[in-house]
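# Reading the structure
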Amino acid sequence: MPKSPPEIIGLFEQFISHYGGVGQGWFIGVAESAERTLAEKHGVDMEQGVWVYARAESPEAARQVLEHFAEVVGLPAFEPEEESEETRSVYVFRKS
């Protein structure tokens, strides 16, 4: 079920906190397919890597989450290569 920006921000903040808090190595991004992008573009180990994603209620909502973590939290952000109505998956991962 699609989530609102506050819901996703809360989820991601809890996830990052659980895995040691904000520091070097965390990234945020938006894509049509978070799992495919994480595996293929970022080389994340989908079995043992530290990652989470959520589907936003709209592309605009996904962008709000991306902007929050990029501008307020300071995470490096990966913009989608192409945007469409399906560009709603927001993801966070830690590079090991």
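Residues numbered from 1 in each chain as written. Predicted model: local features only at pLDDT ≥ 70, side-chain atom pairs only at ≥ 80, totals over all residues. Heavy atoms only, no water.

Let's shift gears to the environment of Arg94. You can see Arg94 is positioned in strand β4 (residues 89-94). Arg94 gets classed as partly exposed once you look at its relative accessible area, which sits at 31%. Here Arg94 is in contact with Tyr19, Gly25, Trp26 and Val50, once residues within four sequence places are set aside. (Helix = DSSP H or I, 4+ residues; strand = E, 2+ residues; numbered from the N terminus. Buried < 20%, exposed > 50% of the residue type's maximum accessible area, 1.4 Å probe, protein only. Contact = heavy atoms within 4.5 Å.)

Quick look at the sheet that holds strand β1 (residues 26-31) now. Spatial strand order, β2-β4-β1-β3: 4 strands in an open sheet with mixed pairing. Where the open sheet ends on each side, the last strands, each with one partner, are β2 (50-55) and β3 (77-78). Across 6 bridges, the pairing between β1 and β4 is antiparallel. If you follow Trp26 over to β4, its bridge partner there is Arg94. Relative to the sheet, helix α2 (residues 34-41) contacts β1, β2 and β4, its axis offset from that of β4 by approximately 35°. Each of β1, β3 and β4 is contacted by helix α3 (residues 59-73), which is oriented at about 160° to β1, the strand it contacts most. (Pairing = 2+ DSSP bridges. Axes fitted to C-alpha atoms, helices over the stretch in contact; angles between N-to-C directions.)

Most of β1 sits inside the fold, with 6 of its 6 residues counted as buried. Neither face of β1 is left uncovered, since the one carrying Trp26, Ile28 and Val30 and the one carrying Phe27, Gly29 and Ala31 both have all their residues buried. Sheet topology note: the β1/β3 ladder contains 2 bridges and is parallel. Looking at the pairing, Ile28 lines up with Ala77 of β3.

Once that is clear, we can look at the layout of surface pockets. By volume, the largest pocket is sized at about 270 Å³. Residue lining of the largest pocket: 15 residues in total, with Ala31, Glu32, Arg36, Thr37 and Glu81 positioned closest to the centre. Secondary structure elements with two or more residues in the lining of the largest pocket: β1 and α2. If one sorts the elements of the lining of the largest pocket by residue count, α2 sits on top with 4 residues. Taken together, the residues of the lining of the largest pocket break down into 5 nonpolar, 3 polar and 7 charged. (1 Å grid on protein atoms, 1.4 Å probe; cavity = no way out; pocket = protein on both sides within 12 Å on 5 of 7 lines; lining within 4 Å. Points joined across faces, edges and corners; volume = space filled by probe spheres on them. Nonpolar A, V, L, I, M, F, W, Y, C, P; charged D, E, K, R; others polar.)

Positionally, Arg88 belongs in the loop between β3 and β4. You can call Arg88 buried: its relative accessible area is 14%.

Remember that the coordinates give geometry; whether it matters functionally is a separate question.
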